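Okay, here's what each chain looks like letter by letter:
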Amino acid sequence: MILLGVNVDHVATLRQARYRDETNTHGGFVEPDPAAMAWLAEDAGADGITMHVREDRRHVQVEDVQRYLERKKTRLNLEVSLSPEMVDLALSLKPESVCLVPENRKEVTTEGGLDVAGNLERSREVVRAFLDAGIPTSLFIDPDTSQLEASAQIESPWVELHTGSFARAWFEPERRKKELATLRQGMDVGVSLGLRVNAGHGINYENVEGAKTLDGVYEYNIGHSIVCRALSNGFADAVQTMRRMLNE
Ligand code: PXP
């Protein structure tokens, strides 16, 4: 069975759009709450929760992670960059695993994979620090043989293959086939190097049909489309409830 890691970053994105500067919760009305959605996701069948604390704190805040951890039922996969500040923070939060991702302040979301091959020494040092603390690392990389080999060389036990190019190619049959073949090859290389291979980014309710054909993926980490689905499935109910309350 392929495991499902649910990424709740964009629950926090929505909250930050309105309540970025709030320091108190106004009795719980600073919403939506990423920790509460993480607990709901766990009850609904998520195998794990992913949160990305970005250097610029644009969505998930450290307090969200701490609150989630107080009542977690599954496990936290914490995404952070390789910066010393973020590595120290992740070590102090003691997640079950970390996923190391590139960060560029101007990007809307994580765009490319981590350049492990080009930052071998820093990547090795960070992987070692987490492994010494008993926290397995995953490296978010493009499905590229040189990045997979570098990840194995520095002894990261896991990688996460970036599925963004595949997701963008989904509606163009030729590109879709090519991107799926690239991912498949990345999977095979990863597995042959002894890596546990997770995957994610841009997976939605359409392209998951193709994504799940990739034999060997241990876990998919999925966020944006789940948050969007929750919005569209819940919108009519939310309007009806408000309509009824105004009528009463
Ligand atoms: N994996 C990683 C490493 C990510 O950074 C993200 C979010 O950017 C995801 C998976 C989930 O991507 P999405 O929100 O597109 O499902």
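Scroll up a little and you will see the structure.
Conventions adopted
- Residues numbered from 1 in each chain as written.
- Predicted model: local features only at pLDDT ≥ 70, side-chain atom pairs only at ≥ 80, totals over all residues.
- Heavy atoms only, no water.
- Axes fitted to C-alpha atoms, helices over the stretch in contact; angles between N-to-C directions.
- Helix = DSSP H or I, 4+ residues; strand = E, 2+ residues; numbered from the N terminus.
- Left-handed = near helix turned anticlockwise from the far one by under 90°.
- Contact = heavy atoms within 4.5 Å.
- Nonpolar A, V, L, I, M, F, W, Y, C, P; charged D, E, K, R; others polar.
- Near = heavy atom within 4 Å.
- Polar contact = N/O pair within 3.5 Å; in protein donor to acceptor, adjacent residues only side chain to side chain.
- Areas by Shrake-Rupley, 256 points an atom, 1.4 Å probe, with all protein chains shown as cover.
- Buried < 20%, exposed > 50% of the residue type's maximum accessible area, 1.4 Å probe, protein only.
- Arc of directions from axis to C-beta.
- Core = buried A, V, L, I, M, F, W, Y, C linked by side-chain atoms within 4.5 Å.
- Pairing = 2+ DSSP bridges.
- Phe/Tyr/Trp six-rings, centres within 6.5 Å; stacked < 30°, edge-to-face > 60°.
- Lys NZ or Arg CZ within 6 Å of the ring centre and 35° of its normal.
- Salt bridge = Lys/Arg side-chain N within 4 Å of Asp/Glu carboxyl O.

**Q** Any chance you could break down the packing of helix H2 (residues 34–43) against helix H3 (residues 62–70) for me, citing the residues and the numbers?
**A** Their axes nearest at 8 Å, the elements H2 and H3 cross at an angle of 35°. Classified by chirality, the crossing of H3 by H2 is right-handed. For the pair H2 and H3, the contacting residues are Pro34, Ala35, Ala38, Trp39 and Glu42 in the first and Asp64, Arg67 and Tyr68 in the second. Split by residue class, the contact of H2 with H3 holds five nonpolar, no polar and three charged.

**Q** How would you explain the site of the ligand if you had to name every residue and give the values?
**A** As a structural note, the neighbourhood of the ligand is formed by 14 residues, with Glu79, Glu160, Gly202, Gly223 and His224 the closest of them. One of the backbone nitrogen or oxygen atoms of histidine 224 is found 2.9 Å away from an oxygen atom of the ligand. Burial of the ligand by the protein amounts to 95% of the accessible area it has alone, namely 390 Å². Here the residues of the shell around the ligand are counted per class, giving three nonpolar, nine polar and two charged.

**Q** Can you lay out helix H1 (residues 9–19) for me, pointing to particular residues and giving the numbers?
**A** One full turn of an α-helix is made of 3.6 residues, so residues set three or four places apart face in the same direction. Asp9, Val11, Ala12, Arg15, Gln16 and Tyr19 are the residues of H1 that are buried. Buried residues in H1, looked at end-on, bunch into an arc of 150°, giving them a common side. With respect to the buried face of H1, the exposed residues turned more than 90 degrees away are Ala17 and Arg18. Looking at the buried residues of H1, the elements they touch are strand S1 (3–7), H2, strand S2 (48–52), H3 and helix H10 (224–247).

**Q** How would you explain the nonpolar core if you had to name every residue and give the values?
**A** Here is a general trend for soluble globular proteins: nonpolar side chains tend to be buried in one another's company. Of all hydrophobic cores here, the largest spans 57 residues; its most connected members are Ile49, Met51, Leu78, Leu100 and Leu139. Tallying contributions element by element places helix H4 (residues 84–93) first for this core, with five residues. The contacts of methionine 51, once residues within four sequence positions are left out, are Val8, Asp9, Ala38, Val60, Asp64, Val65, Tyr68, Leu76, Asn77, Leu78 and Glu79.

**Q** Give a description of the environment of serine 92 that names residues and reports values.
**A** When you line up the elements, serine 92 lands in helix H4. Measuring from C-alpha to C-alpha, the distance between serine 92 and alanine 133 comes to 10.0 Å, with 41 residues separating the pair along the chain. Here the side chain of serine 92 touches leucine 89 through a polar contact of 2.7 Å, landing on its backbone oxygen.

**Q** For the sheet that holds strand S5 (residues 137–141), give the residues involved together with the corresponding values.
**A** Spatially, the eight strands close up into a barrel ordered S1-S2-S3-S4-S5-S6-S7-S8, and their pairing is parallel. When strand polarity is set aside, the average angle formed by the axes of neighbouring strands in this sheet is 25°. Each of strand S6 (158–162) and strand S7 (196–200) is contacted by helix H8 (residues 173–192), which is oriented at about 175° to S6, the strand it contacts most.

**Q** Describe in detail the packing of aromatic side chains, supporting the description with residues and values.
**A** For the coordinates displayed, the defined rule picks out one aromatic pair. Aromatic pair phenylalanine 166 and tryptophan 170: ring centres 5.7 Å apart, planes at 75°, arrangement edge-to-face. According to the relative accessible area criterion, tryptophan 170 is buried, its value standing at 8%. Note that arginine 176 overlies the ring of tryptophan 170, its terminal NZ or CZ placed 3.6 Å from the centroid.

**Q** Describe unusual backbone geometry, with residues and values.
**A** Cis peptide bonds are those with omega within 30 degrees of zero, and the linkage from glutamate 31 to proline 32 qualifies with 0°. When you line up the elements, proline 32 lands in the loop between H1 and H2. Phi at glutamate 155 is positive, roughly 65°, even though this residue is not glycine. Within the fold, glutamate 155 resides in the loop between helix H6 (145–153) and S6. Glutamate 155 gets classed as exposed once you look at its relative accessible area, which sits at 52%. Unusually for a residue other than glycine, histidine 201 sits at a positive phi of about 110°. Note that histidine 201 resides in the loop between S7 and helix H9 (208–211). Residue histidine 201 is classed as partly exposed on the basis of its relative accessible area of 22%.

**Q** Account for the pattern of salt bridges, with residues named and values stated.
**A** Applying the stated rule across the entire model yields 15 salt bridges. Between lysine 73 and aspartate 43 there is a salt bridge, and its shortest N-O distance comes to 2.6 Å. With lysine 73 in the loop between H3 and strand S3 (76–80) and aspartate 43 in helix H2, the pair connects residues that are 30 residues apart, well separated along the chain. The exposure class assigned to aspartate 43 is exposed, which follows from its relative accessible area of 54%. When the shortest N-O distance is used, the salt bridge between arginine 58 and aspartate 56 registers 3.1 Å. Classification of aspartate 56 as partly exposed rests on a relative accessible area of 28%. Residues joined in a network through salt bridges with shared partners are Arg128, Asp132 and Glu155.

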